[in-house]
Structures are given as C-alpha cells and as structure tokens.
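Read off the chains here:
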Amino acid sequence: MRKHARVAVLGGLVLSLALTACSTNSGDGSGEGTNEGTQGSLDIIGTAEDAKGPAAPVEGAQTGGTLKYIGLTDFTHLDPARTYVGSFMMIQSGLLGRTLTGYKEVGDGSIQLVGDLATDSGKDVAGDCKTWEFTLKDGLKYEDGTVITAQDVAYGIARSFSPELADGAQFLQNWLQESREYKGPYDGAEKVPPGVKVDGNKLTFSFDTARCEVPFAVAMPNTTPVPEAKDTKTDYDNKPFSSGPYKIESRTLGESMTLVRNEHWAADSDPIRHAYPDKWTFEFGTEPKDNSVRLDANASGDENLWSFTGVHPDILGNVTGNMDKYKGRLVHGEQKYNGYLAINNLRVKDLAVRQALNYAVPRDRWIQLNGGEFAGKPNTSFMTKSVPGYKEFNVYPTDIEKAKGLLGGKATKLRYAYSNDGELSGQIADMFKEEYAKAGIELETIAISPDDYYGQIGDPTNKYDLYWAGWGADWPSGSTVIPPCLGEDGLVLDANTGTNYSFFTEKTIEDEIDRLSGLPITEALPGWGELDEKILTEFAPYVPLDSSYNVWITGSNVGGQYLQQNLSTVDVTKLFVRDPALNAG
Amino acid sequence: MLRFVVRRLLLIVLTLTVVSFGTFMLFFAAPSDPARILCGTRCQPAQIEAVRDGLGLDRPIMTQYVEYMGGIFAGRTLGEGDWAKDCSAPCFGYSYTQNQEVSEIVARALPVSASVAIGAWIIQTLISVSSGVIAARKRGTAVDRGTIAATLIGGALPIYFVGPMLLLIFRYQLEILPQPSYTPLLDDPLAFAGGMIMPWATLAIVGFAFDARLSRSQMLETLDEDFIRTSRAKGLKDRVVFWRHALRASATPLATSAGLGLGGLLGGAVVTESIFGLNGLGKLSLDAITARNLPIVMATVLIAATFVVFGTFIVDMLYAAIDPRVRLS
C-alpha cells in the first residue's frame, strides 16, 4: 500500500534523471531493460547536432504489429496542459505530442536533453538566463498534415495558464508571470501568454529573474503545440490533436483506446521517438493483481501485452526468484522516487532528537516489510542516485547506542502518523514503534484517513511529529528536489500546495538555494548534492529511507523493454513487436 | 388491481426520493471536501474553485438537490461562460475525474452489468430449478444425493475463488476459453457469449445452490400436501400431478427467490466485474465510492434502487399470475 500512497503523492510530480555510461539499461532486442542504480550524468544538455533525427535504431527492432496495453484505469489526462503523472506523460509525450525539448537516449544508457520541436535545447540570449530563444524545426506537421507553428506552441502554453486546465506542471507559467493574472486565452483574452514573443518560427521567453533551467521546464508536456482551431477546451483531454508519431483512432473513456500511425510525423525530424508498432490498443479495467497474473501467464493471444503497472507484490517473488524464465520480458530498476520520514521541525525542535531518529532508523526492516530489494533500495540522502549531481553520503550510520547517547536518557515521546490504507501501513507503524523503543523513543502511532493524508501532513498546524512522504524530481536537477521539499518554496501557502512536509527552513540553506538557482545548469548540478549533505548533517530535518525499485513484465512477443528514468516507467518510444504478424488484429 | 398498481407506483416514487435525498446528504455530512478530493492532492486552489463551481458546491444543499433532480428530468447547463456545458436530460451531472457526462458513463456500464447479471441469472435459474425439481422427483437416489452434494460445494465457494480459478484453468492453462470481455450482443453474438461465459459460469456455480435446495424442499413439501393426495386419488397420472400441480404450487416462493436473486446478481456483479476486468455498473460504483465521485455514486445508487423497487414490484405482480390465492389489494 505504500506504493499506492506513494503514487498518490508523486502522481503530481514527475520527471527526473539521467543514466550514465556505466548503465546496464540495454533497451535492445535481447529485451531485458534494467537500470541498477546508475548515477545521473552531468553532461546532460545536448547540442543542435544532437537534436537531429532520426533516433538511433533499437537493436533487433521490427517495424509493424500491434502492442496491447492492459491496466486498471484510463490515462485521466492526455491534454498536454493537464498531464502530470509519469505514465500519462509517457503516452502523451512519447506517442501523441512533441514538446520544445525532450530527453533522448544517447545509446549507452545515458540521456540527454535535446531539441524536439526546437532545433536545439534553447539559446540563453544574453547569457544571464533571463531571455531564452527557441527556433522550430522546418517541416513539422500535425496529424492532418498542417504545419506546426510557433504560434501553436505559444497557444498551448497559454492554455495551461487557465485554472480549468492547470493540472500540469506550472514552473514555466509561474516564472513567466508570478502574479498569475493571465487566465489563459479564453473569454476574449490574449492568445499569447505574458513574457512570450512569437516571431515567425521563433519563440522568445523573457523572465524578470534568472531562470537557468528553462530548457528542462519546456520539456514538460505543456509546450506541446495546440492549434487554436482544434482547441476543444476540457474535451481536449479526450482527444488531443497529434503532433507525435501516433494519433487517436478511437477512444471510449475509461474503457479502451486505439492509436494508429500519424502518417505526417517525420522520423528524420525526431531524435527521440522510434514508432515501431503500427498500432497500439489499450484496455482498462483489470485489477493490478489480475493484470500481473495475466501478463505472467502469457497465454496465446496475450503475447503482445504490456502495462505500466509493476508486477503485483503477491507474485513478485515468483518473478524475481526465477528471472531467467522471464528473460526478454522484464523491465526492472531503481526509480527516481525517494521515501523518507518527515520530521515535523515545528514540533521536534531539538537537533539531538532528530539525529537520534536518524541513527536509530530501522531502514532494513522497512525495506523488508515493503517487499524487499525489488521494492526499494536503501537511501541515505534526500536526492536519489539518478539525479545528476547526486552525492552519496551516510552521515548517520545505524547505531542504536549513539541514538541513546544523544537522547541522554531523557524520555522522548513522539507521535507517528500513517495513512490508514491497508494492513501493511499498520504493520509498518508497529515496526517503527518496536524499533525506536530500543533507542528509548516512544512512538504513539496514529492512523489517518488515506483520503486526507497529504492534506493533514501538509498542514503546518498538524499535531504529528513523524510521518512518511515521498518525492521524485520533476527534471534531472536537484532544483526540483531540494527547494520544494526542504526549502521555503515548498512551504505551505494553503493546505493544498505545501510539499515541505518537514516544515524545515534555514537562512543559510535558503541563501545557498538562491545562489544555486542563479547558476548555469551544469555548474549548479553538483551544488545540489553538496547542499543535500549539508542539510542532513547540520540539521537532520528528515530521516531518509529508500529509493523505489520496480519490476514490470511484458508478453513474450514484446521487445525493446527499457526503463525510462526520466519518467521512471516503461519507455514506449522503444517498444516493438518481435513478430509483427502475431496477434496483429 | 389498478388501485394496487397506483399505490405501489407512488410508493416507488417516495422510496426513490428518499434514497436520492439520503445519498446526496451523506456526501455533505462526510467530513471531507468533495471538490478537493475530486481535484487530487496536488491541485491548485483555483482548480478546486473551478470544480466547486462546476458542481455548484457553493450553493445551499437544498438548491443543489433540487437542481440535480431537475436535471434528471429536464437537463441543465453546467459551468459558465466559455466553459459552459449543456447536459441534456437525463442529466446526472458531470464527472470531473472521467471528464464526461455521468449519463454517458452509466449508459455504457449498464449493458455490461445487465449482460452479466441477466445471463448468469438465466443459467443459474435453469440449473437450480431443474436440478432441484429432478432431485425431488428422484428422491433418495444417487441423483438426489449428487445434487445435494453439488449445492453444498457450490454454496461454500466464494466468487473471488471461483472466478480466478476458472480464469487460471480455462484461460491461462488450457487456453480453451477467450479472455472475458464485453462485446455488444448485436455486434457479434458469438464474441458476446464467449466473453461472458466465465462470468456467467462463476455466478451460476456460486449462486445455484440456494435455489436448487429451495426448489427441492418446496417440491417435496408440496408433494405431501392434501391436494396432491386428492389428485392422485382421483386417478391423475403421476406425471401430470408432479409437473402440473405440484410444480405450479411450488413456484411462488421460487419466483420470489429468483426475483430477489436477480437483484443480488446485480449487486454481486461488483466482485465478478472486478475479477474479470469488465467495466460494468458494479465496478463503476465501487471506484466512484473510493474516489468520492459524488455524481457517479448518485447515479449508480439511483439506478440500483430503481432496479430493486421495480424488481420487487414485478415479483408482486407475478405472484398473482402464478398463485390465484394471492390478491392484489
């Protein structure tokens, strides 16, 4: 259930990571995509040359055939303005829409930010990160053969300002206009958002302050072009107009969807997508466990199946205990998401207590209860390995005696809150209570309604001392990890928007956040890792637990299995059908 | 007769009004904010406001209720300005999580559930009544004992065991049955039956026991009655006594049980639909309750209540047709 809760909070976040040269992420025809804790590369920004298509072929890939998806729920948002969940973004940006920039696999497992619609990953016009220029490639077309224009990209961004459609990332929007007076291009308003200028096939973004991570921010789906004439407002979610390699042929919301080729998509303009299958079908309604059982059975007619749903915990042991049997059908690896115990710094003000909580944390038992090494890997920092600039450190190695010493024999009573979402959460609470008692910390465990869990722990007046939370980087930089979770940026504006669940702020840390935010990306990246270590060492505002791990299984006729670290899920741009004639209907 | 029908119909209207009002109020009595839940955990305040506006949650509850009920009969407009949406009758509101009108969602789910329930009901009733009656006819023989044993086993098995077992054996191991799915009957009758066969079999296996035992005991009881002895004494053939007189006299409680059974199947379909991944009403309402999706919950509760009250009404009418002793008054 922790996974579930984790999905709930991370549903809104997204992107992350890069993979380095030492990655084992094969993504080739041999079919086993793994990524065992590879560290994010600092060499992340691609050049104009890197932005050229077509994408390097996947080894052994075949063109043609039909891939069949099964899952419990439909992709709630496919409108690029509203898409913010990893798997939804994967479908939108991998199959249906293109963005100004995007992430490309370099060939050795590492990724690079490159121009997608744009000719490069952005030009910092004056070298001060305040004005960014993007030029669209020539000959880009929509599903009906009409030309994609810079005006359409601006219109797409303009839509995402509208409160009715603002489910997606809002970084770029908030940077362009902090006051957010502009409410989108509706009810007679401007069609181009504030701070954006369109000149032919060129887009210019102007900001009041230095925004050095604009190239990452425009890789979010809401820079996908939307022609004004095709804008159906909230109904656009049901059938977005395609600028990517596939288009929606038919869709019954909540039940099924079929994608067919967009004949006007040109592979040689696209450095990221492959588009091997002729057709994709999607069926929704299968419970996660039944989903896994069906994929595992691989019965006749089911060989082309795949899913974004990881192998269900009930049968995970069968799979991981017998990996050879599933060779060529697996994707598994460490994801970008962390799990940690937030310490309520407004209540637990004594540094010694927070440090004691760190020394006494039963990290191994936590991982074991959650499903073992195929569900999570121990993590002793806030950032996870795959974020470029990650620094490995362990400032509080498990030591019960040290924890006791820090507490100096004082009776310490703390309130631990957990989401009442199933048996496991209760078992975990009991485990923490039992283990922390060994160090002299008495935990009172309190179950709270799963519906309101994040509302409650995000409320600065909450009466709890310790609770679980999780986070994943929006893009491959510590800037989307540290400031929202351990800085003022994440502090509560109202109970719905706060993400700094520890309610931790420190002047010195805030100054460093400001300094790093003004640096060019590659200079700033290692700084975030350093800052991560400084925060935990000096203030211990939280207790790191793990980084999540997941295992996916596909039918035997599916190839090109690859864990896309950027969205931490199965990469649709590389999947192919091994024998296109099988189950083609 | 007419008086009975009118009185019952009025009662139906009253029942449905109470049910709709009760469901509506329950959601407002709950401590959580429906707009915030619908909007998700990382929703901007402006979006919550938009959802609240769309649902009309900022107006008095009674006004909202009256508007909602009005929409069912006359349709209404949801939202304002560029964002207004026409929702034609029967308008059960708009589902923000599914981004479509509730009536469309329900209209798609209804035939799925009806196909599962009615198909299973027909099979279950045929098997249970015939096996019960035959067991009574062959009382004390191996057929009788076999039937009783089968009902014991069937009655002891839960749906969530039988369903996955059938899937495992007939789909994943032997690979002789197709993956359960819903194809409209008129589109392709063969695919319809193929996709439904496992859900039907599951419900029939689990559900036939009660009615089979009831038919058997009812028949045996009737066969001991005076009028049967009289019929026999009058020299009627055994076949006529059994099939025409005894069976008809036993039919009233069987009709009640089978009628209620149909209602039960519609309810039991929640589990069956989930197991076989069928997007029917049961699964829809379960998901809606979990997500506190008020418009969907309202619609599914109202539809379920309508089925139950009309089902009971029809059973009452059937009584009179089957048993002349019952008067509609």
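Computed from a predicted structure; not experimentally measured. (Residues numbered from 1 in each chain as written. Chains lettered and ligands numbered in written order. Predicted model: local features only at pLDDT ≥ 70, side-chain atom pairs only at ≥ 80, totals over all residues. Heavy atoms only, no water.)

Caption draft 1: Quick look at the overall build of chain A. Of regular secondary structure, chain A possesses 15 helices and 22 strands. Against the globule reference of 25 Å for 585 residues, chain A gives a C-alpha radius of gyration of 23 Å, in line with a compact fold. Relative to its full complement of 585 residues, chain A shows a buried share of 63%. As displayed, chain A has an accessible area near 19,900 Å², and 48% of this comes from carbon and sulfur atoms. Averaging the coordinates of the 54 positive side-chain charges in chain A and doing the same for the 82 negative ones gives two points 1 Å apart. (Helix = DSSP H or I, 4+ residues; strand = E, 2+ residues; numbered from the N terminus. Rg over C-alpha atoms; globule rule 2.2 N^0.38 Å. Buried < 20%, exposed > 50% of the residue type's maximum accessible area, 1.4 Å probe, protein only. Areas by Shrake-Rupley, 256 points an atom, 1.4 Å probe, with all protein chains shown as cover. Lys, Arg positive; Asp, Glu negative; His and termini not counted. Charge placed at Lys NZ, Arg CZ, Asp CG, Glu CD.)

Caption draft 2: Representation of the sheet that holds strand S6 (residues 131-135) of chain A. All names here are of chain A. Spatial strand order, S5-S6-S8-S7: 4 strands in an open sheet with antiparallel pairing. The open sheet terminates on both sides in strands that have one partner only, identified here as strand S5 (123-124) and strand S7 (196-199). Summarising the sheet, S6 and strand S8 (residues 202-206) pair through 5 bridges and their orientation is antiparallel. Along S8, the bridge assignment pairs Thr-131 with Ser-206. Against the sheet, helix H3 (residues 150-159) engages S7 and S8, with an angle of about 35° to S8. (Pairing = 2+ DSSP bridges. Contact = heavy atoms within 4.5 Å. Axes fitted to C-alpha atoms, helices over the stretch in contact; angles between N-to-C directions.)

Caption draft 3: Broad picture of the UniProt feature "domain: Solute-binding protein family" (unreviewed entry) in chain A. In the numbering used here, UniProt assigns the feature "domain: Solute-binding protein family" (unreviewed entry) to residues 113-488 of chain A. Between the C-alpha atoms that bound residues 113-488 of chain A the distance is 28 Å, and the span itself is 23% helix and 21% strand. (UniProt positions renumbered as here; feature names shortened; annotations may be inferred.)

Caption draft 4: Molecular detail of the UniProt feature "transmembrane region" (unreviewed entry) in chain B. On the UniProt side, "transmembrane region" (unreviewed entry) is annotated at positions that read residues 9-30, 116-136, 148-170, 190-210, 254-276 and 296-322 of chain B here. Along residues 148-170 of chain B the backbone is 91% helical and 0% strand, and the end-to-end C-alpha distance reaches 26 Å.

Caption draft 5: How the structure looks around the nonpolar core. Residue and element names in this part refer to chain A. One finds Phe-75, Ile-91, Leu-100, Phe-205, Trp-280, Phe-282 and Trp-306 to be the most contacted residues of the largest nonpolar core, which totals 78 residues. Excluding its chain neighbours within four sequence positions, the residues that come into contact with Trp-280 are Leu-67, Leu-95, Tyr-246, Met-257, Thr-258, Leu-259, Trp-306, Val-572 and Leu-575. The next biggest cluster of nonpolar side chains, apart from the first, holds 66 residues, and it includes Ala-356, Trp-468, Val-481 and Ala-524. (Core = buried A, V, L, I, M, F, W, Y, C linked by side-chain atoms within 4.5 Å.)

Caption draft 6: The arrangement of the pairing of strand S4 (residues 111-115) of chain A in detail. Residue and element names in this part refer to chain A. Summarising burial for S4: 5 of the 5 residues are buried, a large majority. Summarising the sheet, strand S3 (residues 101-105) and S4 pair through 5 bridges and their orientation is antiparallel. What sits directly across from Lys-104, in S4, is Gln-112.

Caption draft 7: View of the pairing of S6 of chain A. All names here are of chain A. Looking at chain direction, S5 and S6 are connected through 2 bridges and run antiparallel. Bridge pairing links Asp-124 to Trp-132 in S6. With antiparallel pairing between neighbouring strands as the criterion, S5 and S6 make up a hairpin whose turn holds 6 residues, including Gly-127 at a positive phi of roughly 75°.

Caption draft 8: Expanded view of the layout of surface pockets. Volume-wise, the second largest pocket comes out at about 830 Å³. Forming the walls of the second largest pocket are 36 residues, and the residues nearest its centre are Ser-256 and Glu-283 of chain A together with Pro-180, Ser-181 and Tyr-182 of chain B. For the lining of the second largest pocket, the secondary structure elements donating two or more residues are strand S2 (66-71), strand S10 (256-261), strand S11 (279-284) and helix H6 (288-297) of chain A together with helix H5 (102-137), helix H7 (159-173), helix H8 (189-223) and helix H10 (238-276) of chain B. Ranked by the residues each element gives to the lining of the second largest pocket, the list is headed by S11 of chain A, at 4 residues. Residue composition of the lining of the second largest pocket, grouped by class: 17 nonpolar, 12 polar and 7 charged. (1 Å grid on protein atoms, 1.4 Å probe; cavity = no way out; pocket = protein on both sides within 12 Å on 5 of 7 lines; lining within 4 Å. Points joined across faces, edges and corners; volume = space filled by probe spheres on them. Nonpolar A, V, L, I, M, F, W, Y, C, P; charged D, E, K, R; others polar.)

Caption draft 9: Inspection of a nonpolar patch on the surface at higher detail. A cluster of nonpolar side chains, namely Tyr-160, Phe-161, Met-165, Leu-168, Ile-169, Leu-174, Ile-176 and Val-271 of chain B, defines an oily patch on the protein surface of about 740 Å² accessible area. Note on Ile-169 of chain B: relative accessible area 34%, which makes it partly exposed. (Patch = residues over 30% accessible without salt bridge, like charges linked within 9 Å, V, L, I, M, F, W, Y side chains within 5 Å. Salt bridge = Lys/Arg side-chain N within 4 Å of Asp/Glu carboxyl O.)

Caption draft 10: Examining the environment of Ala-193 of chain B more closely. Tracing the sequence through the fold places Ala-193 of chain B in helix H8. Separated by 10 residues in sequence, Ala-193 of chain B and Thr-183 of chain B have C-alpha atoms that sit 8.5 Å apart.

Caption draft 11: Looking closely at the confidence of the model for chain B. On average, chain B scores 85 in pLDDT, and the residues at 70 or more come to 91%. Across chain B, element-level confidence peaks in H7 of chain B with a mean pLDDT of 94 and bottoms out in helix H2 (residues 34-39) of chain B with 66. (pLDDT = per-residue confidence, 0-100.)

Caption draft 12: Summary view of the sheet that holds strand S9 (residues 246-252) of chain A. Residues and elements named next belong to chain A. Pairing is mixed across the open sheet formed by 5 strands, whose spatial order is S9-S10-S11-S2-S12. Taken across any chain shown, the strands that pair with only one partner, and hence form the sheet edges, are S9 and strand S12 (305-306). As judged from the 6 bridges shared by S9 and S10, these two strands associate in the antiparallel manner. From the neighbouring strand, Tyr-246 faces S10, where its bridge partner is Arg-261. On top of the sheet, H6 reaches S2, S11 and S12; it is set at about 145° to S2, its chief contact.

Caption draft 13: How the structure looks around the environment of Phe-171 of chain A. All names here are of chain A. Looking at the element boundaries, Phe-171 is found in helix H4 (residues 171-176). Relative accessible area serves as the criterion here: at 25%, Phe-171 is assigned to the partly exposed category. Put simply, Phe-171 and Leu-516 are 345 residues apart on the chain and 17 Å apart in space, counted from C-alpha to C-alpha. Excluding residues that lie within four positions of it along the chain, Phe-171 makes contacts with Tyr-84, Met-220, Asp-474 and Trp-475.

Caption draft 14: Fine view of the state of the cysteines. All names here are of chain A. Scanning the model with the defined rule gives 2 disulfides over all chains in all. At a sulfur-sulfur separation of 2.1 Å, the disulfide partner of Cys-129 is Cys-212. Its S-S torsion of about 105° marks the bond between Cys-129 and Cys-212 as right-handed, since a negative value means left-handed. Highlighted residues: Cys-129 in the loop between S5 and S6 and Cys-212 in the loop between S8 and helix H5 (214-217), separated in sequence by 83 residues. The class for Cys-212 is buried, based on a relative accessible area of 4%. (Disulfide = S-S within 2.5 Å.)

Caption draft 15: How the structure looks around the packing of aromatic side chains. All names here are of chain A. With the rule as written, the count across this model stands at 40 aromatic pairs over all chains. Between the aromatic rings of Phe-382 and Tyr-542, the centroid separation amounts to 5.0 Å while the plane-to-plane angle is 90°, which identifies the pairing as edge-to-face. Residue Phe-382 is found in the loop between strand S14 (376-378) and helix H10 (400-407), and its partner Tyr-542 is found in strand S18 (residues 542-553); the two are separated by 160 residues along the sequence. Across the pair, Tyr-542 and Phe-382 agree in class, each one buried. (Phe/Tyr/Trp six-rings, centres within 6.5 Å; stacked < 30°, edge-to-face > 60°.)

Caption draft 16: Geometry of H7 of chain B. Residue and element names in this part refer to chain B. In a regular helix each residue adds 1.5 Å, so 15 residues correspond to 21 Å; H7 covers 20 Å between its end C-alpha atoms and thus fits that length. By the burial criterion, the buried members of H7 are Ile-159, Val-162, Gly-163, Leu-166, Leu-167, Arg-171 and Tyr-172. Where H7 ends, the next residue or the one after it, Glu-175, has phi of about 55°, a positive value. (Expected span 1.5 Å × (residues − 1).)

Caption draft 17: How the structure looks around the domain arrangement of chain B. Per the domain assignment, the segments making up chain B are domain 1 (32-91) and domain 2 (104-328). For domain 1 of chain B and domain 2 of chain B, the distance between their C-alpha centres works out to 39 Å. (Domains from an automatic or database assignment.)

Caption draft 18: Representation of the side chain of Thr-554 of chain A. Here Thr-554 of chain A is to be found in the loop between S18 and strand S19 (558-559). A polar contact is formed between the side chain of Thr-554 of chain A and the side chain of Gln-561 of chain A, at a distance of 2.9 Å. (Polar contact = N/O pair within 3.5 Å; in protein donor to acceptor, adjacent residues only side chain to side chain.)

Caption draft 19: Structural context of the confidence of the model for chain A. Summary statistics for chain A give a mean pLDDT of 89 and a share of 91% for residues scoring 70 or more. The lowest-confidence element of chain A is helix H1 (residues 2-10) of chain A, averaging 32 in pLDDT; the highest-confidence one is H3 of chain A, averaging 98.

Caption draft 20: Region of interest: the pattern of salt bridges. Residue and element names in this part refer to chain A. Following the criterion strictly, the structure yields 37 salt bridges over all chains and no others. Ionic pairing is found between Lys-391 and Glu-533, a salt bridge with its closest N-O pair at 2.4 Å. With Lys-391 in the loop between S14 and H10 and Glu-533 in helix H15 (residues 521-539), this residue pair connects regions lying 142 residues apart in the sequence. A residue is classified by how much of its surface remains accessible, and Lys-391, at 28% relative accessible area, is partly exposed. In this structure, Arg-415 engages Glu-444 in a salt bridge whose closest nitrogen and oxygen atoms are separated by 3.4 Å. Here Glu-444 lies in strand S16 (residues 441-448) and Arg-415 lies in strand S15 (residues 412-419), a separation of 29 residues in the sequence. Under the relative-accessibility criterion, Arg-415 is labelled partly exposed at 27%. Judged by relative accessible area, Glu-444 falls into the partly exposed class, the value being 41%. Taken together, the salt bridges that share partners define one network made up of Arg-98, Asp-116, Asp-270 and Arg-273.

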